[in-house]
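Descriptive analysis of the structure
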Amino acid sequence: MKKEYSSFRDPSGFIFSVDNYVFRQVNNSYKAQYDHLMNSGLYQNLVTEQLLVDHKPIDLETNDPNKYMVIQPAKINFISYPYEWSFSQLKDAALTTLKIHKCALKYGMILKDASAYNIQFFNGVPKLIDTLSFDFYHEGTPWIAYGQFCRHFLAPLMLMANIDIRLSQLMRIYIDGIPIDLASKLLKGKGGFSAKQHIHWHARAISKYSQDGKVLGKTRNVHINKFNYVALIDSLISTVQRITLKGVVTEWMDYYNNTNYSDTALKSKEKIVSSFFKLNDFNIVWDLGANDGRFSRIVLENGASLVISFDLDAIAVEKNYQLVKKYKNSILPLLLDLTNPSPGLGFANRERLSIEERQKPDCIVALALIHHLAISNNAPFEKIAEWLALLSDNLIIEFVPKEDSQVQVLLATRDDIFLNYTKSEFEKAFQHYFDFIRSENILNSERVIYHLRKKREHE
Amino acid sequence: MYLDPGFGSMIFQLIVALIAGLGAYFALAKKKAISLFNKKNKTNMEDSNEERI
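What you see is a predicted model; the values in this text were computed from it and never measured.

What counts and what doesn't
Residues numbered from 1 in each chain as written. Chains lettered and ligands numbered in written order. Predicted model: local features only at pLDDT ≥ 70, side-chain atom pairs only at ≥ 80, totals over all residues. Helix = DSSP H or I, 4+ residues; strand = E, 2+ residues; numbered from the N terminus. Expected span 1.5 Å × (residues − 1). Bend = angle between axes of the 7 residues up to and from the residue. Buried ≥ 20, exposed ≤ 12 C-beta atoms within 10 Å, placed from the backbone. Contact = placed C-beta atoms within 7 Å. Nonpolar A, V, L, I, M, F, W, Y, C, P; charged D, E, K, R; others polar. Pairing = 2+ DSSP bridges. Right-handed = clockwise from strand over helix to strand, strands pointing away. Domains from an automatic or database assignment. Axes fitted to C-alpha atoms, helices over the stretch in contact; angles between N-to-C directions. Left-handed = near helix turned anticlockwise from the far one by under 90°. pLDDT = per-residue confidence, 0-100.

This brings us to helix H7 (residues 192–208) of chain A. Residues and elements named next belong to chain A. Along its 17 residues, H7 runs 22 Å from first to last C-alpha, staying within 8% of the 24 Å computed at 1.5 Å per residue. In H7, a bend of some 35° at His202 exceeds every other bend along the element. Looking at H7, one finds that the buried residues are Ala195, Gln197, His198, Ile199, His200, His202, Ala203, Ala205 and Ile206.

Pasting the structure below:
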């Protein structure tokens, strides 16, 4: 039995795994709340509405005296974090949180926390994964998680929409959400009346009452009647719905219209990738530098059951997410800078896992990527090969030669110090870690796609 | 309760909940007034229809 490190905060229970199966222990202290969740109809309602992850009770022997019961939640394909989500992923996660909170109230319960980390995506649908997040509603009591909701959702959404879409990355620094005073400073009065209320005035209130909270029992004097409590939830829902991205243009958003591929080359590339996947049985695939997921979809159509589509560009990930939502694909689009991927974060660096700690895919797809890593990021082929071999046993990679116009664009503004950037040097470096299974030239281009398999001695 | 709600956030919630509550109250009153007006109009129309018959 391996206890999940990140679930140490909540005294209601914890996550653990046995033989790669994930379970959740419900503690005796949470018995009343858990029973009410299950017996009142709330659980069934939330599961039917696809807002909460479903689970089944499991008869598992443990000698923990705190144990009330053990449940097995539905499998999560890949744990992702808010700093890896696009704008709409975070917005949909915020709306899911508020909808659950509102629905729980009808059954005499509330959401006792509003952590963005409690939401995960299932084929484009955000669901709450923490079954122990519910508590009883006591008339008059304010929403205990209001501050957390503002830090985890409102602040990043408003900053992304009004200042810069890249500010979602502040969530990577501040693990319990963006501090309200910082959001207020960065927003500089932007964001309309909603930002004025939930960010600017909120920041002033936090600063004004920072000492008063230390007087024991003072919070008990705060009384909010049910009508106003519900009105606040409704107002938060409409606030989140009104936050939209306006006129954001990024380098990559029109990628497939701005590439140097001819129709023949693009079709040839699609055919090669399809055939490589048909010849193999890859279940979980990571598509690195996936842009809007065009090739992730081809991979999925040719046998993969799950594709994680990583890209550096927030709008490309946004586009991909909108497509996943529309077609309910088992693709998870995520924002990731491959030159600085998500590290282990939080307490002891173990609360949030680094990208390679979370999953080992059966295959990695790296199309039109190598020149960005080798030239834009100055990474030697040897280092790239070593890292990719660490991530997966199979690699489908495209080599883009220096003569290619896309590489020439990268070299236009800098000295060409990349004398080793040749096809033979690429093959030499990757041969150290991988066996070359097959390679095919893309028609009407100088590019080559390889299927490489990790050498036994590196496994 | 394992989450620190923050005293400032709790106190401040009173104000935002009050603003939201006022908004909801007026929205509700407006809705009632409109439905009352529509009902009255409908009754008037029905009356005039009856007169025609």
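Turning our attention to the interface of chain B and chain A. Listed as interface residues are 21 residues of chain B and, on the opposing side, 34 residues of chain A. Tallied by class, residues from the side of chain B that touches chain A come to 15 nonpolar, 6 polar and no charged.

Let us look at the pairing of strand E12 (residues 331–335) of chain A. All names here are of chain A. Extensive coverage of E12 is indicated by the burial of 5 of its 5 residues. Along E12, one buried face is formed by Ile331, Pro333 and Leu335 and the opposite face, lined by Leu332 and Leu334, is buried too. With 5 bridges joining them, strand E11 (residues 306–311) and E12 adopt parallel strand pairing. Across the sheet, Val307 pairs through a bridge with Ile331, a residue of E12. Where the polypeptide runs from E11 across helix H11 (residues 314–327) and back to E12, its parallel neighbour, the crossover connection is right-handed.

Overall, antiparallel pairing links the 5 strands, which are arranged E1-E2-E3-E5-E4 (chain A) in an open sheet. At either end of the open sheet lies a strand with only one pairing partner, and these are strand E1 (2–3) and strand E4 (55–58) of chain A.

Looking now at the domain arrangement of chain A. Residues and elements named next belong to chain A. What the domain assignment reports for chain A is domain 1 (82–242) and domain 2 (255–458). Measuring from the centre of the C-alpha atoms in domain 1 to the corresponding centre in domain 2 gives 36 Å. Listed per partner, the contact involves 13 residues of domain 1 and 20 residues of domain 2. In terms of residue count, the dominant contributor to the side of domain 1 that touches domain 2 is helix H3 (residues 87–106) (3 residues). Residue composition of the side of domain 1 that touches domain 2, grouped by class: 5 nonpolar, 5 polar and 3 charged.

Moving on: the packing of helix H9 (residues 263–278) of chain A against helix H10 (residues 294–301) of chain A. Residue and element names in this part refer to chain A. Following both chains from N to C, one finds H9 and H10 inclined at 35°, their axes separated by 9 Å at the closest point. You can see that H9 and H10 cross each other, and the crossing is right-handed. Where H9 abuts H10, its residues Glu270, Val273, Ser274 and Phe277 lie against Phe295, Ile298 and Val299. Classifying every residue of the contact of H9 with H10 gives 5 nonpolar, 1 polar and 1 charged.

The next thing to look at is the sheet that holds strand E15 (residues 434–441) of chain A. Residue and element names in this part refer to chain A. What the 7 strands build is an open sheet, ordered E12-E11-E10-E13-E14-E16-E15; its pairing is mixed. The two strands at the open ends of the sheet, each matched to only one other strand, are E12 and E15. The sheet shows a mean angle of 20° between the axes of neighbouring strands, direction not considered. Each of E11 and E12 is contacted by H11, which is oriented at about 160° to E12, the strand it contacts most.

It should be kept in mind that the predicted coordinates are not to be read in detail where pLDDT is low. Summarising the model, chain B shows a mean pLDDT of 82, and 75% of its residues fall at 70 or more. For this predicted complex, the interface confidence reaches an ipTM of 0.80, while the overall pTM sits at 0.93.

Moving on, we come to unusual backbone geometry. Residue and element names in this part refer to chain A. In this structure, Asn123 is a non-glycine residue whose phi angle is positive, near 50°. Assignment of secondary structure puts Asn123 in the loop between strand E7 (119–122) and strand E8 (125–128). Given 15 C-beta atoms within a 10 Å radius, Asn123 is considered partly exposed. Non-glycine residue Asn378 carries a positive phi angle of around 55°. For Asn378, a count of 12 C-beta atoms within 10 Å translates into the label exposed.

Further remarks concern the environment of Leu279 of chain A. Assignment of secondary structure puts Leu279 of chain A in the loop between H9 and strand E10 (284–288). Along the sequence, Leu279 of chain A and Ala32 of chain A sit 247 residues apart, while their C-alpha atoms lie 53 Å from each other.

This brings us to the packing of H3 of chain A against helix H4 (residues 146–162) of chain A. Packed helices, taken two at a time, are described by their axes: the angle between them and the distance between them. Residue and element names in this part refer to chain A. Running from N to C, H3 and H4 point in directions that differ by 145°, and their axes come no closer than 10 Å. The two elements H3 and H4 meet at a crossing, and its hand is left-handed. Taking contact as the criterion, the partners of Phe87, Leu90, Lys91, Ala94 and Thr97 in H3 are, on H4, Phe149, Phe153, Pro156, Leu157 and Met160. Residues that form the contact of H3 with H4 fall into these classes: 8 nonpolar, 1 polar and 1 charged.

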